[in-house]
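Next come the chains, spelled out residue by residue.
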Amino acid sequence: MDTSARHLRLLTETIAAVNSSLDLQEVLELVAREVADALATDACFVYLYDEPTDELVLRATHGSRVEEMTRTPRMRPGEGITGTAAAERAPVMIPEKAHLDSRFKQFPNLREDEYESILAVPILAREKLEGALNVRTREPRAFTDSEMDLLVAIASQVAQTIEHARLYERAQRRVAELEALARISEAVSESLYLEESLEAIVKTTMESLRATGAALVLEDGKVAWPEGRPGAYAVRLPLRWKRRRIGELVCDRDTPFTDEERALLEAIAHHAAVALEHGRAVMRGVLAQEIHHRVKNNLQTVASLLRLQARADNADPRKALQDSVNRILAIAAVHEVLTVHREDDVDLGELVDRLRAMLVQGLVSGKEVTADLATISLAGQQATALALVFTELFQNALEHGGAHVALELARRDGDVVLTITDDGAGVGGAPAGTGLSIVQALVRDELQGTFELESGAATRARVVFPV
Ligand SMILES: Nc1ncnc2c1ncn2[C@@H]1O[C@H](COP(=O)(O)OP(=O)(O)OP(=O)(O)O)[C@@H](O)[C@H]1O
Ligand SMILES: [Mg+2]
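Residues numbered from 1 in each chain as written. Chains lettered and ligands numbered in written order. Predicted model: local features only at pLDDT ≥ 70, side-chain atom pairs only at ≥ 80, totals over all residues.

For the rest of this paragraph, the subject is the packing of helix H4 (residues 145-190) against helix H6 (residues 259-311). The interhelical angle for the contact between H4 and H6, taken along N-to-C directions, is 5 degrees, at an axis separation of 10 Å. When the axis of H4 is compared with that of H6, the two are roughly parallel. The segment H4 lies against H6, with Glu-177, Leu-181, Ile-184, Ser-185 and Val-188 engaging Leu-264, Ala-267, Ile-268, His-271, Val-274, Ala-275 and His-278. (Axes fitted to C-alpha atoms, helices over the stretch in contact; angles between N-to-C directions. Helix = DSSP H or I, 4+ residues; strand = E, 2+ residues; numbered from the N terminus. Parallel < 35°, antiparallel > 145°, perpendicular 65-115°, else oblique. Contact = placed C-beta atoms within 7 Å.)

Along strand E17 (residues 459-466), the buried face is formed by Thr-459, Ala-461, Val-463 and Phe-465; none of Arg-460, Arg-462, Val-464 and Pro-466, which line the opposite face, is buried. The sheet contact formed by strand E15 (residues 415-422) and E17 spans 8 bridges and is antiparallel. Each bridged residue has a counterpart across the sheet, and for Asp-415 the counterpart in E17 is Pro-466. Of the strand pairs in this sheet, strand E16 (residues 450-455) and E17 are connected by 6 bridges, and their pairing is antiparallel. (Buried ≥ 20, exposed ≤ 12 C-beta atoms within 10 Å, placed from the backbone. Pairing = 2+ DSSP bridges.)

Before going further, it helps to spend a moment on the site of ligand 1. Of all residues adjacent to ligand 1, which total 16 residues, the nearest are Asn-396, Pro-431, Gly-433, Gly-435 and Leu-436. Looking at the shell around ligand 1, the elements with two or more residues in it are helix H9 (380-400) and helix H10 (434-445). Here the shell around ligand 1 gets 5 residues from one element, more than from any other, and that element is H9. For the shell around ligand 1, the residue count by class is 4 nonpolar, 9 polar and 3 charged. (Near = placed C-beta within 6 Å. Nonpolar A, V, L, I, M, F, W, Y, C, P; charged D, E, K, R; others polar.)

Read from one edge to the other, the open sheet built from 4 strands follows the order E8-E7-E10-E9, with strand pairing classed as antiparallel. Across the chains shown, the open sheet's two edge strands, defined by having one partner strand only, are strand E8 (223-228) and strand E9 (233-241). Taken pair by pair, the neighbouring strands of this sheet meet at an average axis angle of 15 degrees, ignoring direction. As judged from the 6 bridges shared by strand E7 (residues 213-218) and strand E10 (residues 244-253), these two strands associate in the antiparallel manner. Residue Val-217 lies in a different strand from E10, and its bridge partner there is Glu-248. Sitting on the sheet, helix H5 (residues 194-208) touches E7, E8 and E10, and the angle it makes with E8 is about 30 degrees.

With that out of the way, let us pick up H9. Between its first and last C-alpha, H9 extends 30 Å over 21 residues, near the 30 Å set by a 1.5 Å rise per residue. Within H9, 17 of the 21 residues are buried, leaving the element largely enclosed by the surrounding structure. (Expected span 1.5 Å × (residues − 1).)

And the structure:
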């Protein structure tokens, strides 16, 4: 077979092999192996051109390996023998002692001085520099013109494959980025809880940027969901809502960030800002709803208390109004405790203390009140019922009972027990005033408990209800 026919076959076979993959790294490794085989050389080095840095970066080798890949060999077009081929867009051939050539560039982790000859060619796709490659032999070798033509032809064919693989890689990366953003959108729209959204944002940032660490820093300086560790490089992006800065997205990595990755981070930061604002708006809405609901409930309670009072026969109007005022103040006491502590639950001890101070005020002195109160807390609505019940019973003890009144709040088998004892003469028969009707109705309907009033050596009113 003559040389040109053989070379044509080598060209066809090489291109066919290289074209079997779309994965850029795999393509480059195939190029290194197939080219070394086609030209029967000892080694082949394939460099890819990185436009942003204007550098040729060694991406694949065959027949030789790069020792300690701490720093990937890279050079500018024009630097070294292969760089010269790239810059001049023409092959460079040195048959022997290539490492003594003035253009030779030494890399500490590349054992290039073991090769005598070199043939370097640029990889050009329609005039665009995609990279460069070289073949090496340990023995001196003068590559023929037709061998040089063959390598140039292979390189120009390979350039197309590399370009396609690069485009494919970029498309894959775009898809991955869009998927990451979609995951964040989904988490933000599905989650009612701000924390969950923020967690999803930080996790997705970590994954999609292969970051060593990420976090969201909120405007109050609070760091939400810090993950991982700091890296050698960090990007901090402001979270903005209507031009206002509401926090910061921080991403750490050991390798630098590309412009595309920064753009992705910006998109993530935008999502995070939306999630934060959305979450806060939801919280404000929930809170407002809750407050409206409580106000409505309390006004309804006040209305039924007044209605009950209005139905009472031959009651003294002034006393009726004063009792009603105390009932409304009892409800207000619950809100006072809630306001002071900014909590959802009310501490009963504190509530009882407030009511006591309020009821004893302006009363004829000479009453001795002792209290033994366990630490118990109740949710708003139950606390309101208990405040009203306590107010009625304590007021009765003060008004109708003996000189000594004892208050006790205790826990017993999962129940709360409120006992108000006085050493008075006690109640006769079945007393049925407005006060005790209120107590009975609230204990039954709001506290789901029981109420008893005993007269013996002492008068004892007791309310038992589950927490
Ligand atoms: N601890 C007590 N000692 C003695 N009598 C009591 C005691 N508690 C209630 N009573 C009696 O039961 C009656 C009914 O009480 P209730 O609290 O239901 O009425 P009220 O509408 O609040 O009016 P009052 O101001 O009289 O208490 C009272 O008028 C009183 O005679
Ligand atoms: Mg009463």
